[in-house]
Amino acid sequence: MSQIFKNIKGDRLIWAIVALLAILSFLPVYSAASNLAYKSGSGNTFTFFIKHFVHLILGFAIIYGVHKIPYRYFKGLSLVMIPIVLVLLGLTMMQGTTIEGANASRWIQIPIVGVSFQSSTLAAVVLMVYVARYMSKIKDKVVEFKQTILPLWVPVFLVLILILPANFSTAAIMFLMIVVLVFLGGYPIRYLAIIIGSGILVLTLFVLAAKAFPDAMPNRVDTWIGRLESFSNPEDTEADYQIEKAKIAIATGGIQGVGPGKSIQKNFLPQSSSDFIFAIIIEEYGLIGGFVIMTLYLWFLFRIVIVAQKSDTIFGKLLVLGVGLPIVFQALINMAVAVELFPVTGQTLPLISSGGTSIWMTCLAVGIILSVSAKREEIKEKEVNEENPLEILSEAI
């Protein structure tokens, strides 16, 4: 065990935060999984607990493996992965199924192992790394808008357009995070305004096309509109039903909660172990439990800003912010949905909600952040060693 800890590099506080979030996820997932066990007909919640445990173990293996890779290699990997991601997203769209009349082409089936994979989560990480690479490349240079269209914005819009039909919330979050990243990277605001306007235009055209040809995207745009209408003007809809059950769970929890495993609303709240797990956490552990979870995510944000600030390269700074900010932003959106501060989006709570792909891709992003942090530690060690050659000689003897 000591050898494992010795090989762990990077920001130790980030390691601790991620580990705490993972540990704190076990009891809520185990409790909320009773709903899934009932629906599946098995009645065995322990199966879902083991599944979540395996997902997290594989996730931490990803963190460990990725954080050992020098972060400069991610520049070239992003170039290789962009066409692969585009192919995966295209296959996902073609393979998509229809669940209760709604387009649900978010997962691609991997026949060899018999599991499903949500390609948009991989695309989100790859795209942020790609944008960070490009922005570091043009840093402190005179930027012409035409020169950035093909190498930067064409891949961005291709990825987003392929994600948009089945997963509007993910596409919207990615677009917003990319806008933030290029802004932090020094991209001219006047050009950024053009990109934002283009994004709004593309979304408008897509909605109009979906309305004109409803058979192409069954009920997907109607679902978005219904959720927005339900949020602004509550009615008896499925989205409103979810929010109402989440609010009941939160109100029931009070300050201290009803206790681990004693949630009632987990039996009525759809997606209680994923999209609405924050409501179950508050019901069982109260506002105290919810505050602890929120504090951990804000602490994580604080640490990634520090890691970015200490990075020795522009690419390292942008890379950390590019893959780190979406984790915190997604967490805040998930919590905001549970308390009806935001429309229902279907975004999970990173590292806490059940699910394989979402956990693994979050862990991939964390591994990249730790890779940047580990490089900084390596540089500091070299500086110390150069300043103390006699100490190195005494240790060798």
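Residues numbered from 1 in each chain as written. Predicted model: local features only at pLDDT ≥ 70, side-chain atom pairs only at ≥ 80, totals over all residues. Heavy atoms only, no water.

### Things to note about the environment of tyrosine 241
With respect to the helices, strands and loops of the structure, tyrosine 241 is situated in helix H10 (residues 238-253). Assessed through its relative accessible area of 35%, tyrosine 241 is described here as partly exposed. The spatial distance from the C-alpha of tyrosine 241 to the C-alpha of proline 270 is 9.1 Å, given a sequence separation of 29 residues. (Helix = DSSP H or I, 4+ residues; strand = E, 2+ residues; numbered from the N terminus. Buried < 20%, exposed > 50% of the residue type's maximum accessible area, 1.4 Å probe, protein only.)

### Quick notes on the packing of helix H7 (residues 168-184) against helix H8 (residues 189-212)
Running from N to C, H7 and H8 point in directions that differ by 170 degrees, and their axes come no closer than 11 Å. Comparing their axes, H8 and H7 come out roughly antiparallel. Contacts between H7 and H8 involve Phe168, Phe175, Val179, Val182 and Phe183 on the former and, on the latter, Ile189, Leu192, Ile195, Ile196, Gly199 and Leu203. When the residues that make up the contact of H7 with H8 are grouped by side-chain class, the tally is 10 nonpolar, 1 polar and no charged. (Axes fitted to C-alpha atoms, helices over the stretch in contact; angles between N-to-C directions. Parallel < 35°, antiparallel > 145°, perpendicular 65-115°, else oblique. Contact = heavy atoms within 4.5 Å. Nonpolar A, V, L, I, M, F, W, Y, C, P; charged D, E, K, R; others polar.)

### Details of the pattern of salt bridges
Going through the model one piece at a time under the given rule, you end up with 3 salt bridges. The salt bridge involving aspartate 11 is made with arginine 303; its shortest N-O contact spans 2.5 Å. Remark: arginine 303 occurs in helix H11 (residues 277-310) and aspartate 11 occurs in the loop between helix H1 (2-7) and helix H2 (12-40); sequence separation between them is 292 residues. In this pair, the class of aspartate 11 matches that of arginine 303, namely buried. (Salt bridge = Lys/Arg side-chain N within 4 Å of Asp/Glu carboxyl O.)

### Quick notes on the side chain of serine 274
Locating serine 274 in the fold gives a position in the loop between H10 and H11. Its relative accessible area of 8% is what places serine 274 among the buried residues. With residues up to four places along the chain from it excluded, the contact list for serine 274 reads Asn334, Thr348, Leu349, Ser353 and Ser354.

### Overview of the side chain of threonine 92
Looking at where threonine 92 falls in the secondary structure, it is placed in helix H4 (residues 73-95). Looking at threonine 92, the relative accessible area reads 3%, which means it is buried. Polar contacts involving the side chain of threonine 92 include one to the main-chain carbonyl oxygen of leucine 88, which spans 2.6 Å. (Polar contact = N/O pair within 3.5 Å; in protein donor to acceptor, adjacent residues only side chain to side chain.)

### Quick look at the packing of aromatic side chains
According to the stated counting rule, one finds 10 aromatic pairs in the structure shown. Centroid distance phenylalanine 26 to phenylalanine 49: 5.6 Å. Interplanar angle 50 degrees. Geometry classified as tilted. Taken together, the residues span a long stretch of sequence, with phenylalanine 26 in helix H2 and phenylalanine 49 in helix H3 (residues 45-67) at a distance of 23 residues. Overall, phenylalanine 26 belongs to the buried group, its relative accessible area being 17%. The side chain of arginine 133 reaches across the aromatic face of tyrosine 130, ending 5.1 Å from its centre. A cation over an aromatic ring shows up here: arginine 190 above the ring of tyrosine 191, its NZ or CZ 4.6 Å from the ring centre. (Phe/Tyr/Trp six-rings, centres within 6.5 Å; stacked < 30°, edge-to-face > 60°. Lys NZ or Arg CZ within 6 Å of the ring centre and 35° of its normal.)

### Looking at a positive patch on the surface
On the surface, a cluster of positive charge is contributed by Lys6, Lys9, Arg12 and Lys68. Of note, arginine 12 is situated in helix H2. Judged by relative accessible area, arginine 12 falls into the partly exposed class, the value being 49%. (Patch = residues over 30% accessible without salt bridge, like charges linked within 9 Å, V, L, I, M, F, W, Y side chains within 5 Å. Areas by Shrake-Rupley, 256 points an atom, 1.4 Å probe, with all protein chains shown as cover. Lys, Arg positive; Asp, Glu negative; His and termini not counted. Charge placed at Lys NZ, Arg CZ, Asp CG, Glu CD.)

### Concerning H3
With 23 residues, H3 extends 33 Å between its outermost C-alpha atoms, agreeing within 8% with the 33 Å of an ideal straight helix rising 1.5 Å per residue. Regarding H3, the residues found buried are Thr45, His52, His55, Leu56, Gly59, Ile63, Val66 and His67. (Expected span 1.5 Å × (residues − 1).)

### Things to note about a nonpolar patch on the surface
A cluster of nonpolar residues, Leu13, Leu20, Leu24, Ile255, Leu287, Ile288, Val292, Trp299 and Phe302, forms a patch on the protein surface that exposes about 770 Å² of accessible area. Residue assignment for the nonpolar patch shows that the elements contributing at least two residues are H2 and H11. Counting residues per element, the nonpolar patch draws most heavily on H11, at 5 residues. Tracing the backbone shows leucine 24 in helix H2. Residue leucine 24 is classed as partly exposed on the basis of its relative accessible area of 35%.

### As for the nonpolar core
In terms of nonpolar packing, the biggest core is built from 105 residues, with Tyr187, Phe300 and Leu349 touching the most fellow members. Among the elements that line this core, the one with the most residues is helix H12 (residues 314-338), at 14 residues. (Core = buried A, V, L, I, M, F, W, Y, C linked by side-chain atoms within 4.5 Å.)

### Things to note about the confidence of the model for the protein chain
Confidence in the prediction for the protein chain averages 84 pLDDT; 81% of positions are at 70 or higher. Note that pLDDT drops below 50 for residues 97-103; the model gives that stretch 14 contacts with residues more than four away or on any other chain. Ignoring residues within four places in sequence, the model shows residues 392-397, a span with pLDDT below 50, making 1 contact including any to other chains. (pLDDT = per-residue confidence, 0-100.)

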